[in-house]
Amino acid sequence: MSTTHTSPTIGENPHPEAKPGAKPDPVAASGEQVFVTLSLADQLCGIPVLMVRDVLSAHTITRIPLAPAEIAGSLNLRGRIVTAIDLRRRLSLPPAGNGAKQMAVVTEQGGELYAFLVDQVAEVLSLRAEDFERNPPTLPAVWAHHSRGIYRLADRLMVVLDIARLLAFTQAA
Amino acid sequence: MDDLLVDFLTETNESLAELDVALVKLERQPNDHETLSLIFRLVHTIKGTCGFLGLPRLERVAHAGENVLGRLRDGKLVASSDIISLVLASLDRIKVILAGLAEKGAEPEGDDSALIAALDAACEGRASAPELSAPELSTPEISAPEPSAPEPTTPEPTTPEPGTPAPTVAEPAAEAPVAAKPGMEAPREGAEPAVAGQTIRVGVDVLEHLMTLVSELVLTRNQLLQLARSMENSAFTVPLQRLSHITTDLQEGVMKTRMQPIGNAWNKLPRLVRDLARELGKKIDLVMIGADTELDRQVLELIKDPLTHMVRNSADHGLETPDVRRAAGKPETGHITLNAFHEGGHIIIEITDDGRGLDLARIRAKVLAQGLASEAELAAMSENQVQRFIFHPGFSTAAAITAVSGRGVGMDVVKTNIERIGGTVDLKTMPGAGSTFTIKIPLTLAIVSALIVEAGGERFAIPQISVVELVRAGAEGSAKGDQPMIERINATPVLRLRDRLLPLVGLRDLLALGAGDGAAQAGGELYIVVAQVGSSLLGIIVDRVFDTEEIVVKPVAPILRHITMFSGNTILGDGSVIMILDPNGIARASGVGGGEQRKPPQEAADTVTSTASTAMLLFRCGDAAPKAVPLGLVARLEDIPRARIEISAGKTVTQYRGRLMPLVAFDGLSGEGESQPVLVFSDGAHSMGLMVDEIVDVVDEVLAIELGPQVPGVLGTAVIAGRATDVIDTDYWLRAAEEDWFRGSPRAEARAAPHVLIVEDSDFFRQLLVPALAAAGYRVTAAASAAEALKLRESGAKIDAIISDIVMPDMDGLGFARAIRAGGPWAALPMIALTGQVDPADVEAGREAGFTDYVGKFQRGALLESLRQCLAPAANLGATMGGAIDHATASWDGA
């Protein structure tokens, strides 16, 4: 198996700023990359662990009128305002069922915090570069645009999400 | 004195104080490497800065001292008390020189060679050197261990008298160090309060942190106050009151630490403008208003450069040379005015010049040349949009690149810098009269008090500063007694407020919030927040009003900045995030006092009934009055390169889609510029292009054409986008082109064209249909009512077909059809019903009443096809009325 489980408990840890098991340098010589994995409508996705500031469980989200549909609202993370993005909507997936508990992965870009709402945050995986592959050309446009590539895991595939592109909203007024 | 020098003095005095302590510590523990490094670093910094500032005497002393310290640090020398004394002596000399510097702004005269020689000797480890100076330096040695001790007791005045320190500075400098010693205390004491005593340098992050803490304190205080309010006669009330006052004072105090007058950013401008004026050979007067307007220090730093850029631009691009100004009838001296003031929680800075204004034509040409927009896009832009291209990276309209500006780096940097701090920059320009740039910067980091309201189940904050009053009003029909009531004009809510009509906007509708908890619909009470927006008032309807809270404005995430309705967001005392409404943005979005901004399309669609509004294309040609044409009648908009416009047989034509298309100039003149905007009208078979000066906009408007005195080619005048606009007659222009182009023969055809009568009560529809049918080659007569049409019949008008509306006042379409079929010369004419409602029952009713065909409104193609079918046989027969009647009857029978 090409993966090593470094922190299976991160899902339960609301403040993983001190990443318990994350290696000090995930882009180490071995070409290994460490990802926080998450599931979204049964698809496994990954975000590079260094981009993740926080993982949150259910939070009160204030709706923002007139905002793009993908923006779920804003939430208060220890005194900082975080813009929450509904990743399902962003990737044109059907909305999660009513009452489905969502989790959020907080990332930072340009000094601003953004929380991606996902179905479930799973373990942190360290993955080898050999298992990385470019997007298959047949991937639907919305996925192809927001994915940096695919990791072949033993039992399933993981899409590496491109945070910068996910946050690049065209300013449709 | 130079700012830099002041900073240097402040900094160096701090370092010196630190050095005294450290050196004494070193003497006690000669091997303390850390202390030694610190001392070395401090002296090194002083030396480096001296060199930078060009202070040779100070530099030499510091350098000699540093050398000794370097040897100490490297372990080549031992920090004996002799050597420490020597270093202390050099520090004292530095202080003397600094004192002189503070006094006069320049290094005092003096000879330091003895001291430097002693230091150098010590450095080389020569025993002779310390020996030489040992007797002299033993004096300070005594006082050295406790250099700070005498300071508090020194009876020197905190502010030195100008005369006193100067001689004492000069004297010891010239004499041997030992003699200087007693006197040296004086200038040192005197110098510090002069420069360093009044200000303390504090890191911005310390202030930032303090500000955050105060913000939190304010929020906590508010929560406490809220709790106390619910408990009467609590023992906490009085102390809490005091806490509240102190908190407020503290908040103001901390805010003040960050505020600086904007004049600080301006003080270099007069010099800049003066130099520019000389360099450019212009006469420029710089006027500065509101220099004491205070704003956040950080914001100030960030706008310093943009402001300088803009003033430079105004001087270089904006203002003309004296002879040009004289020729234009303006005073030789140009003015640049800087005006800063507070407005609604923002700081506005205006930079106005009375120069030539922006050259729109040149901007357009440049935009095209740089490929920033296509000609069609450009043609569709408003003037303001075109002007804003100057904020585009790499854009400059200066004809020549001067040393001052014209390289096209500047305005985009200005815009980026201002937007980075959440501000906006806008410009207004009047050709020949000058330009005004308006920078609007929000007071970020500021605590503002805000009114918390609720609409559609969501809470929002409205800055208290723009709230004028709160009105409790009843929904329509449910107001009790003399309670104000919301009334409606068409669908627009208004409120009578003290003999004035107050325009209202519903926050729920505006923010598309949906129904909410339904309290309002149930005829409950509504609250109206009367907000001041610029010079006008606007009422914002909300469901509920809570109380006011102090909030810390935080900017919204960049991906939400395009929503102009919000000026920021904040976290309330209870931890929830809420959006802060911007009354200015709301006013713009709802069209109150909002010049350029149009309504968002979805809103227009909601509030205006679709049958009554139509898309009109606005353009400009000939005189200043805007012209309009229903967009539906325009086949295409084209920008034809001037080179492709040809003159053939005296006619203007262009090759268009493989054919020649006649071009007609609206005012008979062809324009200038590289390309020609053209409206293409087409009747299927032929096209013609109407050359216009500029395509301005497309607007949705309810059209009410007032048929004025007939000008050829103009149907009449209507109010569109708030301006009287000529609505042009496409039929006239198509015919004009045909006459030009097809010479006679088509004309004869036109004369033989079937004559169609349109009966339609809506002015607009008549105006729409007449040109549409005329364009298709029919002769058209219009009647505004059935009665009018029947009058035409009586007068013996010859008609080939009738198109009639169904829903009309007095006699409706069905009645009219029956009246026609009942007898008279028109009894057998084909009749086409035109209606908004096409359902089988209606069609059946229409047929029974005598209509030949039934066509939905807006279906121009279907109408033309129906007409063609009704009339085609008649045309084929080339024939008389009788034939047409026969055939029309036949077609009716066959239907």
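Only a predicted model underlies this, so the values are computations on that prediction, with no experimental measurement involved. Residue numbers here run from 1 along each chain, matching the order of that chain's written sequence. Written order decides the labels, with chains lettered from A and ligands numbered from 1. This being a predicted model, a pLDDT of at least 70 is required before a residue's local features are given, and a value of 80 or more before pairs of side-chain atoms are given or counted; all residues contribute to the totals for chains, interfaces and linings. In computing side-chain properties, one takes all heavy atoms of the structure into account and sets aside hydrogens as well as water.

### As for the overall build of chain A
Here comes step 1: Elements are defined by DSSP. Helices are runs of H or I of four residues or more, strands are runs of E of two residues or more, and each kind is numbered from the N terminus. The number of helices and strands found in chain A is 3 helices and 12 strands.
Here comes step 2: Accessible area is worked out with a 1.4 Å probe on protein chains only. A residue is then buried under 20% of its type maximum, exposed over 50%, and partly exposed in between. For chain A, the proportion of its 173 residues judged to be buried stands at 48%.
Here comes step 3: Only heavy atoms matter for contacts: two residues are in contact if any of them lie within 4.5 Å across the pair. Contacts spanning at least 24 positions in sequence make up 57% of the contacts within chain A whose residues lie at least 6 apart.
Here comes step 4: The accessible surface values rely on the Shrake-Rupley method and a 1.4 Å probe; as for residues, cover is taken only from the protein chains in view. Here chain A has roughly 8,400 Å² of accessible surface; of this, 53% comes from carbon and sulfur atoms.

### Details of the overall build of chain B
Here comes step 1: Assigned secondary structure in chain B consists of 30 helices and 34 strands.
Here comes step 2: Per-residue burial over chain B gives 45% buried out of 895 residues.
Here comes step 3: Within chain B, contacts between residues separated by at least 24 positions form 66% of all contacts whose residues are at least 6 apart in sequence.
Here comes step 4: Working note: accessible area of chain B is about 42,500 Å², and carbon and sulfur atoms make up 54% of it.

### Focus on the packing of aromatic side chains
Given two aromatic rings, one states the distance between the centres and the angle between the planes to describe the pair.
Here comes step 1: Centre distance within 6.5 Å is the pairing criterion for rings of Phe, Tyr and Trp, where only the six-membered ring of Trp is used; planes under 30 degrees apart are then read as stacked, over 60 as edge-to-face, and the remainder as tilted. Under the counting rule described, the total for this entry stands at 3 aromatic pairs over all chains.
Here comes step 2: Put simply, the rings of F35, F132 and Y151 of chain A touch in pairs and so form one group of aromatic residues.

### Looking at the sheet that holds strand β14 (residues 525-533) of chain B
Residue and element names in this part refer to chain B.
Here comes step 1: For two strands to be treated as a pair, DSSP must find no fewer than two bridges joining them. Within the open sheet, the 6 strands sit side by side as β10-β14-β15-β13-β12-β11. Their pairing is mixed. Every other strand in the sheet has two partners, leaving β10 (467-474) and β11 (486-489) as the edge strands with one partner each. The average undirected angle you get between the axes of adjacent strands in this sheet is 40 degrees.
Here comes step 2: Pairing of β10 with β14, which is carried by 7 bridges, proceeds in the antiparallel orientation. Residue G474 lies in a different strand from β14, and its bridge partner there is E525. To get an axis, fit a line to the C-alpha atoms, keeping to the stretch in contact for a helix; angles then go from 0 to 180 degrees between the N-to-C directions.

### Focus on the confidence of the model for chain B
Residue and element names in this part refer to chain B.
Here comes step 1: The predicted model of chain B averages 72 in pLDDT, with 73% of residues at 70 or higher.
Here comes step 2: When mean pLDDT is compared element by element in chain B, strand β18 (residues 577-581) scores highest at 90, while helix α22 (residues 601-607) scores lowest at 31.
Here comes step 3: Across the chain, each position has a pLDDT score giving the predictor's confidence in that residue, from 0 to 100. A low-confidence stretch, residues 593-612 stays under pLDDT 50, and its non-local contacts, those more than four residues away or across chains, total 17 contacts.

### Quick word on the side chain of N339 of chain B
Here comes step 1: Position of N339 of chain B relative to the elements: it lies in strand β4 (residues 334-343).
Here comes step 2: With sequence-adjacent residues up to four places away left out, N339 of chain B is seen in contact with W266, I289, I348, I349 and E350 of chain B.

### Here we look at the packing of helix α3 (residues 56-73) of chain B against helix α5 (residues 113-123) of chain B
Residue and element names in this part refer to chain B.
Here comes step 1: Close contact between α3 and α5 brings their axes to 9 Å; oriented N to C, the two are set at 20 degrees. For the element pair α3 / α5, the angle class is roughly parallel. The way α3 lies across α5 gives a crossing that is left-handed. Listed contacts from α5 to R60, V61, A64, G65, N67, V68 and R71 of α3 are L115, I116, L119, D120 and C123.
Here comes step 2: Gly counts as polar in this scheme, as do all residues outside two lists: the nonpolar Ala, Val, Leu, Ile, Met, Phe, Trp, Tyr, Cys and Pro, and the charged Asp, Glu, Lys and Arg. Residues of the contact of α3 with α5, tallied by class, amount to 7 nonpolar, 2 polar and 3 charged. Any angle that is under 35 degrees is reported as roughly parallel, and any over 145 degrees as roughly antiparallel; angles of 65 to 115 degrees are reported as roughly perpendicular and all others as oblique. Throughout, a crossing is termed right-handed when the near helix is turned clockwise from the far one, and left-handed when it is turned anticlockwise from it by less than a right angle.

### Notes on the pattern of salt bridges
Residues and elements named next belong to chain A.
Here comes step 1: Salt bridge, as used here, is a side-chain nitrogen of Lys or Arg placed within 4 Å of a carboxyl oxygen of Asp or Glu. Summed over all chains, the structure comprises 23 salt bridges over all chains.
Here comes step 2: Its salt-bridge partner being R53, residue E108 comes within 2.2 Å of it at the nearest N-O pair. Here E108, found in strand β7 (residues 103-109), pairs with R53, found in strand β4 (residues 52-56); they are 55 residues apart in sequence, far enough to count as distant.
Here comes step 3: With a relative accessible area of 32%, E108 lands in the partly exposed category.

### Side note on the interface of chain B and chain A
Here comes step 1: In this assembly, 24 residues from chain B lie in contact with 23 residues from chain A.
Here comes step 2: The quantity reported as buried area is the accessible area (1.4 Å probe) lost by two parts once they are put together, taken as the sum for both. Interface area, chain B with chain A, both sides summed: about 1,900 Å², of which 65% is carbon and sulfur.
Here comes step 3: Taken together, the links from chain B to chain A amount to 1 salt bridge.
Here comes step 4: The residue E458 of chain B makes a salt bridge to R63 of chain A at a minimum N-O spacing of 2.7 Å.
Here comes step 5: Broken down by element, the residue count for the side of chain B that touches chain A peaks at 4 residues, all from strand β17 (residues 566-571) of chain B.
Here comes step 6: By residue class, the composition of the side of chain B that touches chain A is 16 nonpolar, 5 polar and 3 charged.

### Thoughts on the environment of A512 of chain B
All names here are of chain B.
Here comes step 1: In this fold, A512 is placed in the loop between α20 (507-510) and β14.
Here comes step 2: With relative accessibility at 60%, the residue A512 sits in the exposed group.
Here comes step 3: It is 8.8 Å that separates the C-alpha atoms of A512 and G456, two residues lying 56 residues apart in sequence.

### Examining the confidence of the model for chain A
Here comes step 1: Averaged over chain A, the pLDDT score is 77; the fraction of residues at 70 or greater is 79%.
Here comes step 2: A low-confidence stretch, residues 1-29 of chain A stays under pLDDT 50, and its non-local contacts, those more than four residues away or across chains, total 50 contacts.

### Looking at the nonpolar core
Here comes step 1: L87 and L161 of chain A together with F460, L507, I540 and I586 of chain B are the most contacted members of the largest nonpolar core, which has 60 residues in total.
Here comes step 2: Only buried residues count toward a nonpolar core, which is a set of Ala, Val, Leu, Ile, Met, Phe, Trp, Tyr and Cys residues joined through side-chain atoms within 4.5 Å. Ranked by size, the runner-up nonpolar core spans 45 residues in total, among them I262, L286, I349 and I441 of chain B.

### Section: the sheet that holds strand β30 (residues 755-759) of chain B
Residue and element names in this part refer to chain B.
Here comes step 1: In space, the 5 strands of this open sheet follow the order β31-β30-β32-β33-β34, with parallel pairing throughout. Taken across any chain shown, the strands that pair with only one partner, and hence form the sheet edges, are β31 (779-783) and β34 (853-856). Each neighbouring strand pair of the sheet contributes to a mean axis angle of 20 degrees, computed without reference to strand direction.
Here comes step 2: Direction of pairing for strand β33 (residues 831-835) relative to β34: parallel, over a ladder of 4 bridges. When the sheet's bridge partners are listed, T835 is paired in β34 with G856.
Here comes step 3: Along the sheet, helix α27 (residues 813-821) contacts β30, β32 (801-805) and β33; its crossing angle with β32, the most-contacted strand, is approximately 155 degrees.

### Quick word on helix α13 (residues 269-280) of chain B
Residues and elements named next belong to chain B.
Here comes step 1: Here α13 spans 16 Å end to end across 12 residues, near enough to the 16 Å set by a 1.5 Å rise per residue.
Here comes step 2: Listed as buried for α13 are L269, L272, V273, L276, A277 and L280. For α13, the angular spread of the buried residues around the axis is 135 degrees, confining them to a single face. α13 presents R271, R278 and E279 as exposed residues on the side facing more than 90 degrees away from its buried surface.
Here comes step 3: In this structure, the buried residues of α13 make contact with α12 (263-266), β2 (284-289), α14 (297-318) and β4. Each helix should span, by expectation, one fewer than its residue count multiplied by 1.5 Å. Directions pointing from the helix axis toward each C-beta atom define the arc.

### Section: unusual backbone geometry
Residues and elements named next belong to chain A.
Here comes step 1: The backbone phi angle of A41 is positive, close to 50 degrees, even though this residue is not glycine.
Here comes step 2: Summarising the element assignment, A41 is placed in the loop between β2 (33-40) and β3 (43-48).
Here comes step 3: For A41, a relative accessible area of 30% gives the class partly exposed.

### A few points about the packing of α3 of chain B against helix α4 (residues 81-104) of chain B
Residue and element names in this part refer to chain B.
Here comes step 1: Where α3 contacts α4, the axes come no closer than 10 Å and their chain directions differ by 160 degrees. As far as their axial angle goes, α4 and α3 are roughly antiparallel. In this structure, α3 crosses over α4, and the sense of that crossing is left-handed. Every residue of α4 that contacts α3 at R57, L58, V61, A62, G65, V68, L69 and L72 is listed here: I83, V87, S90, R93, I94, I97, L98 and L101.
Here comes step 2: When grouped by side-chain class, the residues that make up the contact of α3 with α4 number 12 nonpolar, 2 polar and 2 charged.

### Points about a nonpolar patch on the surface
All names here are of chain B.
Here comes step 1: Residues qualify for a patch when their relative accessible area is over 30% and they have no salt bridge, like charges being joined within 9 Å and the nonpolar side chains of Val, Leu, Ile, Met, Phe, Trp and Tyr within 5 Å. A cluster of nonpolar side chains, namely L224, L227, M231, F236 and L243, defines an oily patch on the protein surface of about 480 Å² accessible area.
Here comes step 2: With respect to the helices and strands, the residue L243 is situated in helix α11 (residues 237-258).
Here comes step 3: Judged by relative accessible area, L243 falls into the partly exposed class, the value being 35%.

### Quick notes on the environment of Y778 of chain B
Residues and elements named next belong to chain B.
Here comes step 1: For Y778, the position within the fold is in the loop between α25 (763-775) and β31.
Here comes step 2: Judged by its relative accessible area of 13%, Y778 falls in the buried class.
Here comes step 3: Y778 sits 89 residues away from L867 along the chain, and the two C-alpha atoms are 9.8 Å apart.
Here comes step 4: Aside from chain neighbours lying at most four places away, what touches Y778 is A753, P754, V756, L773, L864, L867, R868 and L871.

### Things to note about α5 of chain B
Here comes step 1: Within α5 of chain B, burial applies to L115, I116, A118, L119, A121, A122 and C123 of chain B.
Here comes step 2: Where α5 of chain B ends, the next residue or the one after it, G125 of chain B, has phi of about 80 degrees, a positive value.

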